[in-house]
Amino acid sequence: MKNMVCLSPGVLVLETSPPPPPPTAGWVTLEVKAVGICGTDYHIFEGKHPFLNYPRVMGHELSGVVSAVGPGVKLAVGTRTIVNPYVSCGRCHACKRGKP
């Protein structure tokens, strides 16, 4: 799969990564169909985002189609979706600083 990666401020590369593993219970895999660029991505590119490290995969505003489902998921393969990118992990740089 393709990833837009900001290696450092002002430096973008398009990388290819292996496909994700099959989804686990409660999760799905999406085939991404569209990605938006927002202010956060622009700040990442400029080097002005205060809560992250580089390199950084960009493009958190996206839509797609469910391509695989894990056990217990009630969505069907082929379901069109949008993604809410604001889920707190509790472990990343931003979450550790109280900015989930």
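The structure under discussion appears in the preceding block.
Novice: Break down the sheet that holds strand 5 (residues 61-69) for me, with residues and values.
Specialist: With antiparallel pairing, 3 strands are arranged side by side in an open sheet as 3-5-6. Each of the sheet's edge strands pairs with one partner strand only, and the pair in question is strand 3 (28-36) and strand 6 (80-82). In this sheet, neighbouring strand axes are inclined to one another by 35 degrees on average, regardless of whether the strands run parallel or antiparallel. When strand 5 meets strand 6, the two strands line up antiparallel, connected through 3 bridges. For V65, the partnering residue across the bridge sits in strand 6 and is R80.

Novice: I'd like a rundown of the sheet that holds strand 4 (residues 56-58), residues and numbers included.
Specialist: With antiparallel pairing, the 3 strands of this open sheet are ordered in space as 2-1-4. Looking at strand neighbours, the two that pair on one side only are strand 2 (11-16) and strand 4, the edges of this open sheet. Across the sheet, the mean angle from the axis of one strand to that of its neighbour is 40 degrees, orientation sign disregarded. Of the pairings in the sheet, the one linking strand 1 (residues 2-8) to strand 4 comprises 3 bridges and is antiparallel in character. Within strand 4, the position partnered with V5 by the bridge is V57.

Thresholds, definitions, all that
- Residues numbered from 1 in each chain as written.
- Predicted model: local features only at pLDDT ≥ 70, side-chain atom pairs only at ≥ 80, totals over all residues.
- Heavy atoms only, no water.
- Pairing = 2+ DSSP bridges.
- Helix = DSSP H or I, 4+ residues; strand = E, 2+ residues; numbered from the N terminus.
- Axes fitted to C-alpha atoms, helices over the stretch in contact; angles between N-to-C directions.

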